Amino acid sequence: MNFDRNLLDIICCPLTRQPLRMMTASRLAKLNKLIQEEKIKDRSEDIVDVVLEQVLVTEDGRLAYPMVDGIPVLLEERCIALAQFDRV
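Note on numbering: residues in each chain are counted from 1, in written sequence order. Where totals are concerned, whole chains, interfaces and linings use all residues; where local detail is concerned, this predicted model gives features only for residues with pLDDT of at least 70, and gives and counts side-chain atom pairs only at 80 or more. Derived side-chain values reflect all non-hydrogen atoms in the structure, with water molecules and hydrogen atoms excluded from consideration.

Colleague: Quick question: what am I supposed to make of the overall build of the protein chain here?
Modeller: Helix and strand content of the protein chain: 2 helices and 5 strands. Starting at the N terminus, helices and strands are each numbered in turn, a helix being any DSSP run of H or I of at least four residues and a strand any DSSP run of E of at least two. In sequence order, the secondary structure elements of the protein chain are arranged as β-α-β-β-β-β-α. Burial statistics for the protein chain: of 88 residues in total, 40% are counted as buried. Considering only residue pairs separated by 6 or more positions, the protein chain has 55% of its internal contacts joining residues 24 or more positions apart. Surface exposure here means Shrake-Rupley accessible area, sampled with a 1.4 Å probe, where a residue is shielded only by the protein chains that are shown. Carbon and sulfur atoms form 48% of the exposed surface of the protein chain, whose accessible area is close to 5,600 Å². Here the protein chain carries 12 positive and 15 negative side-chain charges, and the mean point of each set is 7 Å from the other. Buried, partly exposed and exposed residues are distinguished by accessible area as a fraction of the type maximum, computed with a 1.4 Å probe on protein chains only: under 20%, between the cut-offs, and over 50%, respectively. Any pair of residues with heavy atoms lying within 4.5 Å of one another is described as a contacting pair. Counted as positive: Lys and Arg. Counted as negative: Asp and Glu, with His and the chain ends omitted from the count. Every charge is mapped onto a representative atom, which is NZ of Lys, CZ of Arg, CG of Asp or CD of Glu.

Colleague: Would you explain the side chain of Gln84 in this entry?
Modeller: Note that Gln84 resides in helix 2 (residues 84-87). Polar contacts involving the side chain of Gln84 include one to the main-chain amide nitrogen of Lys41, which spans 2.7 Å. N or O atoms within 3.5 Å of each other form a polar contact, as long as, within protein, one can give a hydrogen and the other can take it, and as long as residues adjacent in sequence are counted only when both atoms are side-chain atoms.

Colleague: So what exactly am I meant to see when it comes to unusual backbone geometry here?
Modeller: Most peptide bonds are trans, and most residues other than glycine sit at a negative phi. One non-glycine residue with positive phi stands out, namely Arg17, at about 65°. Tracing the chain through its elements places Arg17 in the segment before strand 1 (20-22). Relative accessible area serves as the criterion here: at 57%, Arg17 is assigned to the exposed category. Of note in this structure, Glu45 is not a glycine but carries a positive phi near 70°.

Colleague: Looking at this structure, how should I read the pairing of strand 3 (residues 63-68)?
Modeller: Regular strands place their side chains on alternate faces of the sheet. Within strand 3, 5 of the 6 residues are buried, which leaves the element mostly enclosed by the surrounding structure. In the sheet, strand 2 (residues 54-58) pairs with strand 3 via 4 bridges, with the strands oriented antiparallel. The residue bridging Val57 from the neighbouring strand is Ala64, located in strand 3. Criterion used throughout: strands pair if DSSP finds at least two bridges between them. Between the end of strand 2 and the start of strand 3, which pair antiparallel, lie 4 residues, with Gly61 showing a positive phi angle near 75°. Summarising the sheet, strand 3 and strand 5 (residues 80-81) pair through 2 bridges and their orientation is antiparallel.

Colleague: Is there a simple way to think about helix 1 (residues 25-36) in this case?
Modeller: Residue pairs three or four apart in sequence face the same way in an α-helix, which turns once every 3.6 residues. An ideal rise of 1.5 Å per residue puts 16 Å on 12 residues; helix 1 measures up with 16 Å between its terminal C-alpha atoms. Those residues of helix 1 lying buried are Leu28, Leu31, Asn32, Leu34 and Ile35. With its buried residues spanning 160° around the axis, helix 1 presents them on a single face. For helix 1, the exposed residues lying more than 90 degrees away from the buried face are Ser26 and Gln36. The first or second residue beyond helix 1 is Glu38, which carries a positive phi of 55°. Here the expected length of a helix is defined as 1.5 Å per residue gap, with one fewer gap than residues. To obtain the arc, one takes the directions from the helix axis to the C-beta atoms.

Here it is, written out as C-alpha cells:
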C-alpha cells in the first residue's frame, strides 16, 4: 500500500509537533541493518524486530515513526529515537 504524500502537509509528530518527511533510502537501509542486528529499540524500550519499508522522520531528524502497510504509526511508544545511530 502506498502512502499519500499529500498527508505530509497535515500530519506532524505527536511529541514535538514538527513536520514529518520520508526517511531517505540510505538512512532507511542503515536503520534496517541495525534492526536486523537487534540494536534498535522503540521508546517503550522494546527491540524493533521488523524490517521497515517506509519511515517518517521529524524535521530535525531526531525521531522516526514506522509505517505499516502505508499507514503511519504515530504512537509515542512505537517512535524510534534516532540518536541510537550514533551509539552503535
